[in-house]
Amino acid sequence: MKVLVTDKIHPDALTLLKSQAAVDEAYGMDEAQLTGKIPGYDALMVRSGTQVTAAVLSAGKNLKAVGRAGTGVDNINVPEATRLGIMVVNAPGANAQAAAEMAVALLLAAIRQLKPALETMKQNQWERTKFTGTEIAGKTVGLIGVGAVGKIVAKILNAFGAHVLAYDPFLAEEKAAAMHVTMASLEELYTQSDILSIHAPLNDSTRNLLDVHAFNQMKDGIMLVNAARGGIINEQALLNALNTGKVAAAGLDVFEKEPIPLESTSAKLVAHPRVVATPHLGASTQESQRNASVLAAQLLLDALNGQPVASVNQLPVVQRA
Ligand code: 3PG
C-alpha cells in the first residue's frame, strides 16, 4: 500500500502510517504536480493546505481513500470522490479544543487591542492611554454554530460572564439549555450581539452568510471573530464595515483564499489597523495535531484495509477495490 502525505502531520501519525504502508511526503505541490504524482498511490493524506480537486481525484487511478487530518473537508471535492468510489475520512472534533481556544484568543486580542499595544512596546514606547479596551463580561455574544468547537467557546464565554446567543439549525432546545446558551435566529443574533463568533463549516448554506445585508443589521461597533472558515464572511463587506466603524474590530484566522494573495481583499483586511490576523493556526497545537492526525491516519488505514471506518463523509459510498 502506498500513501502520499502532502501537508505536514504529526510524526506519530507518520509512524503509524509507515507501520502498514509505504509513505512518501511531498509538500507545496500545485494541482498539476499533484495530478502528475497521484497515480502511484492508494491513499492521500492532507490537511487544509492541499486542494483535492476533481482533476486530482480522477488522476488518482489507484486512489481508494483520502484522509483529512482535521475537521473541514471543504478543500476536498467530496461529491467527485463519492462518484469515483474514493472514501474521504476525517477527524471531526479532534482539534476542537485548539480551535475554540484560538477563537477566544483572537477575541481577547481584538477587544483589548493587544496587537498595537504589543507593537508599541517593541518600539520602546509606553502608551497607557491609547489602548483602552472593553470587557467580555456582561456582553451579548452571538455564536454562529455550536457544534464541537462552538460549544467549547460557549463554555469559556459563559465563564467570562457573557450572555451567549446561539444560531444553529441543528441545535435542540434541551442541548441549548444544557450549554447555557439562548437559541436565536440569525436576525436576533445580528441585532442583539456585541460580539459575533463563527463556528460553522463552509458549505452552500454558509458561503457569504455575512454579507452586506447581514452587516447592515448588526449593532454599530460589533466585534467579529472568524476562526472557522474563510468564505463565510464576504471579505469586501467586512472591509467596508470596518471602514465605516460598523465593525469595531475583527479577529481573523481564516481567509477566502489561503495563503492570502498579495493585493487581495484578504490582504487589505490583514493590514487593517483594527484587525488581528493569524495564518489559519486554529488547530495548530501539539495536542490537536497529534489527536487529529493520528486519528485520521488510523481511519485511513482502516479504509485501505477494508475495515469499518468510523468517520466517512459519504453515505453510502461504494469503495473501489
Ligand atoms: C480543520 O478544519 O480541521 C481546521 O481548520 C484545521 O485545519 P488544518 O488542519 O489545515 O490546520
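Note that this is a predicted model, so its numbers are computed, not measured.

Draft legend 1. Up close: the overall build of the protein chain. Within the protein chain one finds 13 helices and twelve strands. Taken over C-alpha atoms, the radius of gyration comes to 21 Å for the protein chain, in line with the 20 Å a tight globule of 321 residues would show. Each principal axis of the C-alpha atoms in the protein chain carries an extent, and together these give about 65 × 50 × 35 Å. Considering the protein chain as a whole, with its 321 residues, one finds that 50% of them fall into the buried category. At a minimum sequence separation of 6, the contacts of the protein chain that also span at least 24 residues come to 62%.

Draft legend 2. Here's a closer look at the layout of surface pockets. Considering only enclosed or pocket space, the second largest pocket measures out at about 210 Å³ in volume. Lining the second largest pocket are 16 residues, with Ala-110, Gln-113, Ala-248, Ala-249 and Arg-274 positioned closest to its centre. If one sorts the elements of the lining of the second largest pocket by residue count, helix 5 (residues 96-111) sits on top with three residues. Classifying every residue of the lining of the second largest pocket gives ten nonpolar, four polar and two charged.

Draft legend 3. Region of interest: the pattern of salt bridges. In this structure the tally under the stated criterion is nine salt bridges. Glu-25 is the partner of Lys-18 in a salt bridge, and the nearest nitrogen-oxygen pair spans 3.8 Å. Here Lys-18 falls in the partly exposed class, since its relative accessible area comes to 46%. The partner of Asp-42 in a salt bridge is Lys-64, and the shortest N-O contact between them spans 2.9 Å. Placement of Asp-42 in the loop between helix 2 (31-37) and strand 3 (43-46) and of Lys-64 in the loop between helix 3 (54-59) and strand 4 (65-68) is noted, with a sequence separation of 22 residues between them. Both residues of the pair, Asp-42 and Lys-64, count as buried.

Draft legend 4. Representation of the pairing of strand 1 (residues 2-5) in the model. Strand direction decides the pairing type here: strand 1 and strand 2 (residues 22-25), joined by four bridges, are parallel. Paired with Val-5 across the two strands is Glu-25, which belongs to strand 2. Regarding topology, helix 1 (residues 11-18) serves as the crossover connection from strand 1 to the parallel strand 2, and that connection is right-handed. One ladder, built from three bridges, connects strand 1 with strand 3; its direction is parallel. By the bridge assignment, Val-5 is partnered in strand 3 with Met-45.

Draft legend 5. Main features of helix 7 (residues 148-160). Its 13 residues place the ends of helix 7 19 Å apart at the C-alpha level, agreeing with the 18 Å of an ideal helix rising 1.5 Å per residue. Taken as a whole, helix 7 has its buried residues at Gly-150, Ile-152, Val-153, Ala-154 and Leu-157. Against the buried residues of helix 7 lie helix 5, strand 6 (140-144) and strand 7 (163-167). Positive backbone phi, approximately 90 degrees, marks Gly-161, located one or two places after helix 7.

Draft legend 6. Region of interest: the environment of Glu-135. Examined against the element boundaries, Glu-135 turns out to sit in the loop between helix 6 (114-122) and strand 6. Expressed as a C-alpha distance, the spacing of Glu-135 and Ala-54, which sit 81 residues apart in the sequence, is 47 Å.

Draft legend 7. Focus on the sheet that holds strand 5 (residues 87-90). Read from one edge to the other, the open sheet built from five strands follows the order 2-1-3-4-5, with strand pairing classed as parallel. Looking at strand neighbours, the two that pair on one side only are strand 2 and strand 5, the edges of this open sheet. Along the sheet, successive strands turn relative to each other by an average axial angle of 20 degrees, direction set aside. Running at roughly 140 degrees to strand 2, helix 1 makes contact with strand 1, strand 2 and strand 3 of the sheet. Strand contacts of helix 13 (residues 286-304): strand 1, strand 3, strand 4 and strand 5, with the helix running at about 165 degrees to strand 3, the strand carrying the most contacts.

Draft legend 8. Seen up close, the site of the ligand. If you check the shell around the ligand, you find Arg-47, Ser-48, Arg-68, Ala-69, Gly-70, Thr-71, Gly-72, Asn-95, Arg-229, His-280 and Ala-283 and nothing else. Classifying every residue of the shell around the ligand by side-chain character gives two nonpolar, six polar and three charged.

Draft legend 9. Geometry of the nonpolar core. If you look at the biggest cluster of nonpolar residues, it comprises 31 residues, and the most contacted ones within it are Ile-144, Tyr-190, Leu-196, Leu-210, Phe-215, Leu-224 and Leu-238. Contributions of two or more residues to this core are made by helix 9 (186-192), strand 9 (195-198), helix 10 (212-217), strand 10 (222-226), helix 11 (235-244) and strand 11 (247-252). Among the elements that make up this core, the one with the highest residue count is helix 11 (five residues). In this structure, Ala-96, Leu-107, Val-141 and Val-164 belong to the second largest nonpolar core, which totals 30 residues.

Draft legend 10. Summary view of the packing of helix 5 against helix 7. Where helix 5 contacts helix 7, the axes come no closer than 8 Å and their chain directions differ by 45 degrees. When the axes of helix 5 and helix 7 are compared, the pair comes out oblique. Viewed along their axes, helix 5 and helix 7 form a crossing whose handedness is right-handed. From helix 5, Ala-96, Gln-97, Ala-99, Ala-100, Ala-103, Val-104, Leu-107 and Leu-108 reach across to helix 7, where they touch Ala-148, Val-149, Ile-152, Val-153, Ile-156, Leu-157 and Phe-160. Looking at the contact of helix 5 with helix 7 residue by residue, the classes come out as 14 nonpolar, one polar and no charged.

Procedures and definitions
- Residues numbered from 1 in each chain as written.
- Predicted model: local features only at pLDDT ≥ 70, side-chain atom pairs only at ≥ 80, totals over all residues.
- Heavy atoms only, no water.
- Helix = DSSP H or I, 4+ residues; strand = E, 2+ residues; numbered from the N terminus.
- Rg over C-alpha atoms; globule rule 2.2 N^0.38 Å.
- Buried < 20%, exposed > 50% of the residue type's maximum accessible area, 1.4 Å probe, protein only.
- Contact = heavy atoms within 4.5 Å.
- 1 Å grid on protein atoms, 1.4 Å probe; cavity = no way out; pocket = protein on both sides within 12 Å on 5 of 7 lines; lining within 4 Å.
- Points joined across faces, edges and corners; volume = space filled by probe spheres on them.
- Nonpolar A, V, L, I, M, F, W, Y, C, P; charged D, E, K, R; others polar.
- Salt bridge = Lys/Arg side-chain N within 4 Å of Asp/Glu carboxyl O.
- Pairing = 2+ DSSP bridges.
- Right-handed = clockwise from strand over helix to strand, strands pointing away.
- Expected span 1.5 Å × (residues − 1).
- Axes fitted to C-alpha atoms, helices over the stretch in contact; angles between N-to-C directions.
- Near = heavy atom within 4 Å.
- Core = buried A, V, L, I, M, F, W, Y, C linked by side-chain atoms within 4.5 Å.
- Parallel < 35°, antiparallel > 145°, perpendicular 65-115°, else oblique.
- Left-handed = near helix turned anticlockwise from the far one by under 90°.

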